[in-house]
Amino acid sequence: MLAIIRGAGDIASAIALRLHKCGASVIMTEVEHPLTVRRTVAFSEAIRSGKTQVEGVIGVRAESVDDALRRALEGVVPVLVDPKCSCIWLEPDVLVDAILAKRNVGTTIGMAPIVIGVGPGFTAGDDCHAVVETMRGHTLGRVYYEGSALPNTAVPGLVGGFAGERVLRAPSGGTFREVASIRDHVEAGQAVAYVDDAPVIATLTGTLRGLLAGGTRVTKGLKCGDIDPRDEVSHCETVSDKGLAVAGGVLEAILHLSDTLTKA
């Protein structure tokens, strides 16, 4: 099975990891300058550094579509700068849109035999065959074969008893500069980064689980960091419970739809 995943952030990477471990060949597509916060568990980091690793699985930056296919067949996860998904001519068995843009930015139901939309912005039966819920709560990871996921509330889910407080946002537009690192213990009120000369202040005490890469151009209000109040450093190295739930939903959808196609 060849699966193309649009997006390579932490949730998309959880999906890629699950499919890779189940024997699929996976190709991921990204933008030239990813805005991933949880970089230690995201294959998008390969775009910046050339090579990365998520839970022991190697991800590499692919320089062409042919290079991506070759590397996928070799058993690694290639990440291709291809925001428009022009590599669709490879005719994958599965296309997963996990960009998490909260809207559809170009995925259509005809792009592959199985097309799955992740999160709000997709309608099963219209622009994809199935939608997987991403909102934390009772329906997280649930697969919809009709209709859409819950609408975006713009409020982060609860982690360790905190919701919006754990997310750091850019105080202004400009160039992002780190002064703390992912895995660091930080205290509420501490400056963990700057946007030009404006500090990004830790909103609570815990482990810095995610932070944008230095040099990233940001806009005011953009998510630029994530503090885990549970203060467990090992969480920085592993896919989150949310990622696992969503990845499980994607796998369920693939198996269910594959069975349906076979019977048809």
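These numbers come from a predicted model, not from an experiment. Throughout this description, residue numbers start from 1 for each chain and increase along the sequence as written. With the structure being a predicted model, the display of local features is reserved for residues of pLDDT at least 70 and the display and counting of side-chain atom pairs for 80 or more, all residues being used for whole-chain, interface and lining totals. No hydrogens and no water enter the side-chain calculation; it runs on all heavy atoms of the structure.

I'd like a description of the nonpolar core, backed by residues and values.
If you look at the biggest cluster of nonpolar residues, it comprises 38 residues, and the most contacted ones within it are Ile5, Ile15, Leu19, Met28, Phe43 and Val96. We call two residues in contact whenever any of their non-hydrogen atoms come within 4.5 Å of each other. Once residues lying within four places of it in the same chain are set aside, the contact partners of Leu19 are Ala3, Ile5, Ala24, Val26, Leu251 and Ile254. Throughout this description, the term nonpolar core refers to a set of buried Ala, Val, Leu, Ile, Met, Phe, Trp, Tyr and Cys residues connected via side-chain atoms within 4.5 Å. Residue exposure (1.4 Å probe, protein chains only): buried if accessible area is under 20% of the type maximum, exposed if over 50%, otherwise partly exposed.

For the packing of helix 1 (residues 10–21) against helix 4 (residues 241–263), give the residues involved together with the corresponding values.
Every axis in this analysis is a line fitted to C-alpha atoms, fitted for helices over the stretch in contact. Angles between the N-to-C directions lie between 0 and 180 degrees. Strands are runs of DSSP state E lasting at least two residues, helices are runs of H or I lasting at least four, and both sets are numbered from the N terminus onward. One can describe the packing of helix 1 onto helix 4 by two numbers: an axis separation of 8 Å at closest approach and a directional angle of 50°. As summarised for this structure, helix 1 and helix 4 are arranged oblique, according to the angle between their axes. Note that helix 1 runs across helix 4; the crossing there is right-handed. Contacts between helix 1 and helix 4 pair Ile11, Ala14, Ile15, Arg18 and Leu19 from the former with Lys242, Gly243, Leu244, Val246, Ala247, Gly248, Val250, Leu251 and Ile254 from the latter. Classification used: nonpolar for Ala, Val, Leu, Ile, Met, Phe, Trp, Tyr, Cys and Pro, charged for Asp, Glu, Lys and Arg, polar for all others including Gly. Of the residues belonging to the contact of helix 1 with helix 4, the class tally is 10 nonpolar, two polar and two charged. Roughly parallel covers angles under 35 degrees, roughly antiparallel covers those over 145, roughly perpendicular covers 65 to 115, and oblique covers all other angles. If you view the pair so one helix is near and one far, a crossing is left-handed when the near helix is turned anticlockwise from the far one by less than a right angle, and right-handed when it is turned clockwise.

Please set out the sheet that holds strand 15 (residues 206–211) residue by residue, giving values where relevant.
Between any two strands, pairing holds if DSSP finds at least two bridges. Overall, antiparallel pairing links the four strands, which are arranged 10-17-15-12 in an open sheet. Sheet topology places strand 10 (167–169) and strand 12 (185–186) at the edges, where each strand pairs with a single neighbour. Summarising the sheet, strand 12 and strand 15 pair through two bridges and their orientation is antiparallel. Bridging across to strand 15, Val186 finds its partner in Gly206.

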